[in-house]
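What the coordinates show
Here's the letter readout for the chains.
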Amino acid sequence: MKEEGKRKIWREYQKEIADDKYYYARSCIRQTFFPGSEAAFINILKKELNKDIFDSAQHTTCTGIAYHADVVPFETTMTVIARQFALMTEAGYENYVPSCITSFGLYTEVLETWKEFPEVEAKVREHLFKATKREFKKPANLAHASDVIFKHRHEITAKAKYKLINVKTGKPLRGVEHIGCHYAKMFPHKGVGGAEYPYVLAGMIQEWGGEVIDYPERRHCCGFGFRQYLVKANRGYSIACSKKKFEAMEPYKPDFILTNCPGCPMFFDRWQYAISEMEGKTYGENGQGIPVLTYEELAGLVLGYDPWILGLQVHQTPVEPLLDKMGIDYNPNAKFLGPNNEYLNKPIAPNFLKFY
Amino acid sequence: MKKTIIIIGAGIAGMEAATFLGSMEHNVILLEKDQEPGGHLKNWQKLFPTLRYGKEILSFLQEGIKIAKVDLKCNAIINNITKNNNTFIVNYSHQQQEINIEADAILVTTGYDTFDATKKEEYGYGIYDNVITSADLEKIFTTGKPIITAKGDPPKKIGFVHCVGSRDEKVGHVYCSKVCCVTGVKQAIEIKELLPQCDVFCFYMDMRMYGMHFEAMYKKAQEEYGVTFIRGRVSEACENIDGSILIKVEDTLAARPLKMSVDLLVLLIGFVPSEGSKMVGNMLGLQTGVNGFYKTADQHALTNISNVPGVFFAGACTSPKTITNTITDARAAASTIARYLENNPIFQRKLT
């Protein structure tokens, strides 16, 4: 494989990412799936990078999942998104940073629609004003939260306590990167590195000392495809998608999987557990799974954040193999203790997946 | 009366038009930017559908310009072209000299470039070691090197992807490049002749076997050589851990998705308007059509005539063409220019 070929493509897919003054829009589901990620993002930006980031309590769903499930019509979606932009405008910000990939894709789709069809934008402005008396400016810059971490990856390196290096062997840790489909597949030029060889996560892995794995099913869906999981009867397709990817990446012996979408880490994490229970199959060494991380979790680990404050104990595929390889100093006995040392209870140990 | 004609580009069209104009006792100057004439023909070992060597055609064309006493200038770089009434002044650099020459007519034969396959990112050309183009394969044929994978093993399975960069809105080329289908058939046969044990698969949308003997060659590839043709566009190519290429495609005749690993993947790249055409077009104010090739005065009847009086076209600078079509077009252009130079009334004809 020729790395230079990828670099040539990466050079063609550069995007502008604002440097500061971010209006942050949280995800509907990420706080449930990975409860420490969004808090880690805010902490990293505020405390490590000294950036101005506004976390609004007023914003709602972008309607993304309902829109893609044909429950909410596009006109309604656009008006809801117009309200989010109005909240940003009222707060005095111009750089919109959604936490969710579905949202990022949808905001991009709406802005591109308005660019092509200004009369639609005018109509949406009218709808919003009639419904809420609100007005808005369009974002000067729209970047996904992973873009923001990518932009500041060198500053994170400068403050890093740990590297993506195996402390026992001294070799780079090998990471699978998986971007959410709606990050770049719809609008390749809106994603760092484009859609076919995305660089947003690969750039973080490389910057923090790791090595990126390219494997045959890299572009394949994680299993979060809405049609596959919204209808319960279809969930076999979801797990089949994830399994196909695990089987394809297994020979490369990945040390971790890095993601930037709400659904991808959830399904990679959960389905590894489910496959182990269904078939007794695990994809890491010695009955371990392949730890799955969000980009905030990985950045947090690199910066030396406590894994349990990052919420890594709620992962169904244990992350300890990665923590040990990175040489992270953590307290295994505090895994199931809350912030005030209260016992949070412990899940039942899986039958096959190595549990810590 | 003897006139001066400058021909820009000494590929097939330029050479053959120069031969015919020279044989009409005109003063013909043939400018070529490369070291040698021949254009893309130099890079092609055997030609469809006869499997004749490309160099035989090249020799034929070279003999023509010699007989017709064409003034061939290789390594000639055009700097500027201006027009004064009906006279063109061409300024070009040649052997460290800057030369100005006046001409009564210009024939543009700037040909085509091959499609840059890295633009079809999903096929991994320039990234995956065992993905090559039809032009790369032809270079292997021409140099006589063995057909081997990046690791040096003889391939057991080779896949050909048709229409790479052609009939593809995603890369902005909606047109058919005309020659790639039959090139795929030709190269598949050549592979089977060199590596009889190798399985060869061609993935196509349509097999456009329009030329005389093309269909017979296509049939021969299937019946005599056992080449497998699968109707479906390859959606993506990935690299397996052993370096082989995993491809995904829908077999649209069987109505089934198909996943297959091949040791070598050959991308049949199409034609794109040449950089030379863009440069000369800018100098002369030549119009281009929707596909970026030069726009001819009429699609049916005035195919050698440009929007600038005294400037003519021949060959693949106006659209993808086979060698046969290019030679015919070059001779037609020569005839058209000859009539233009004598101010023949046939030029007064208009099409509504």
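Residues numbered from 1 in each chain as written. Chains lettered and ligands numbered in written order. Predicted model: local features only at pLDDT ≥ 70, side-chain atom pairs only at ≥ 80, totals over all residues.

1. Observations regarding the overall build of chain A
- Along its length, chain A carries 16 helices and eight strands.
- A compact globule built from 356 residues should have a C-alpha radius of gyration of about 21 Å, and chain A, at 20 Å, falls within 12% of that.
- Expressed along its principal axes, the backbone C-alpha trace of chain A runs to roughly 60 × 50 × 45 Å.
- Taken over 356 residues, chain A has a buried fraction of 48%.
- Sequence-distant contacts in chain A: of pairs separated by 6 or more residues, those separated by 24 or more amount to 77%. (Helix = DSSP H or I, 4+ residues; strand = E, 2+ residues; numbered from the N terminus. Rg over C-alpha atoms; globule rule 2.2 N^0.38 Å. Buried ≥ 20, exposed ≤ 12 C-beta atoms within 10 Å, placed from the backbone. Contact = placed C-beta atoms within 7 Å.)

2. Regarding the environment of A:D52
- Structurally, A:D52 can be placed in the loop between α3 (37–48) and β2 (53–55).
- The sequence separation of A:D52 and A:I213 amounts to 161 residues, and the corresponding C-alpha distance is 34 Å.

3. Observations concerning the pairing of strand β13 (residues 199–204) of chain B
All names here are of chain B.
- By the criterion of burial, β13 is predominantly enclosed, with five of the six residues buried.
- The pairing of β13 with strand β14 (residues 228–231) spans four bridges and is classified as parallel. What sits directly across from Y204, in β14, is R231.
- What joins β13 to β14 is helix α5 (residues 214–223), and the crossover it makes is right-handed. (Pairing = 2+ DSSP bridges. Right-handed = clockwise from strand over helix to strand, strands pointing away.)

4. Let's talk about the sheet that holds strand β3 (residues 95–98) of chain A
All names here are of chain A.
- Pairing is parallel in the open sheet, where four strands are placed in the order β2-β1-β3-β4. Bordering the open sheet on either side are β2 and β4 (141–142), each of which pairs with just one other strand.
- With two bridges connecting them, β3 and β4 associate as parallel partners. By the bridge assignment for β4, N95 is matched with N141.
- Of the strands in this sheet, β1 (22–25), β3 and β4 touch helix α6 (residues 101–116), which is tilted by about 140 degrees from β3. (Axes fitted to C-alpha atoms, helices over the stretch in contact; angles between N-to-C directions.)

5. Focus on the domain arrangement of chain B
Residue and element names in this part refer to chain B.
- Domain annotation for chain B reports domain 1 (4–111 + 274–348) and domain 2 (115–270).
- Contacts between the two partners involve ten residues from domain 1, matched on the other side by 18 residues from domain 2.
- Its residues assigned to classes, the side of domain 1 that touches domain 2 shows four nonpolar, four polar and two charged. (Domains from an automatic or database assignment. Nonpolar A, V, L, I, M, F, W, Y, C, P; charged D, E, K, R; others polar.)

6. Focus: the sheet that holds strand β5 (residues 174–178) of chain A
Residues and elements named next belong to chain A.
- Across the sheet, four strands lie side by side as β6-β5-β7-β8; this open sheet has parallel pairing. Pairing within the sheet leaves two strands with one partner each, and these edge strands are β6 (211–213) and β8 (292–294). On average, each strand axis in the sheet is tilted by 40 degrees relative to the strand beside it, whichever way the strands run.
- Alignment of strand β7 (residues 256–259) against β8, held across three bridges, turns out to be parallel. If you follow L258 over to β8, its bridge partner there is L293.

7. Describing the environment of B:D199
- In this fold, B:D199 is placed in strand β13.
- Among residues more than four places away in sequence, those in contact with B:D199 are B:K156 and B:K157.

8. A word on the domain arrangement of chain A
All names here are of chain A.
- Split by domain assignment, chain A resolves into domain 1 (16–145) and domain 2 (146–334).
- Once you take the C-alpha centre of each, domain 1 and domain 2 turn out to be 25 Å apart.
- On the side of domain 2, 33 residues touch domain 1, which itself brings 30 residues to the contact.
- Taken together, the elements giving at least two residues each to the side of domain 1 that touches domain 2 come down to α2 (30–33), α3, α4 (64–68) and α6.
- For the side of domain 1 that touches domain 2, the class distribution of residues is 18 nonpolar, eight polar and four charged.

9. Some details on the nonpolar core
- Ranked by internal contacts, the top residues of the largest apolar core, which has 98 residues, are B:A17, B:L107 and B:L267.
- Here the element with the most residues in this core is helix α7 (residues 323–341) of chain B; it accounts for eight residues.
- Formed by 94 residues, the second largest nonpolar core is a distinct cluster that contains A:Y67, A:L142, A:Y183 and A:F256. (Core = buried A, V, L, I, M, F, W, Y, C linked by C-beta atoms within 7 Å.)

10. Remarks on the interface of chain B and chain A
- At the interface, 13 residues of chain B touch 15 residues of chain A.
- Of the residues forming the side of chain B that touches chain A, the biggest block, three residues, is contributed by strand β15 (residues 234–239) of chain B.
- Here the residues of the side of chain B that touches chain A are counted per class, giving five nonpolar, three polar and five charged.

11. So, helix α13 (residues 235–249) of chain A
- If you check α13(A), its first and last C-alpha atoms are 21 Å apart, about what 15 residues at 1.5 Å a residue would give, namely 21 Å.
- Here the buried face of α13(A) lies against β5, β6, α12 (226–229) and α14 (263–279) of chain A. (Expected span 1.5 Å × (residues − 1).)

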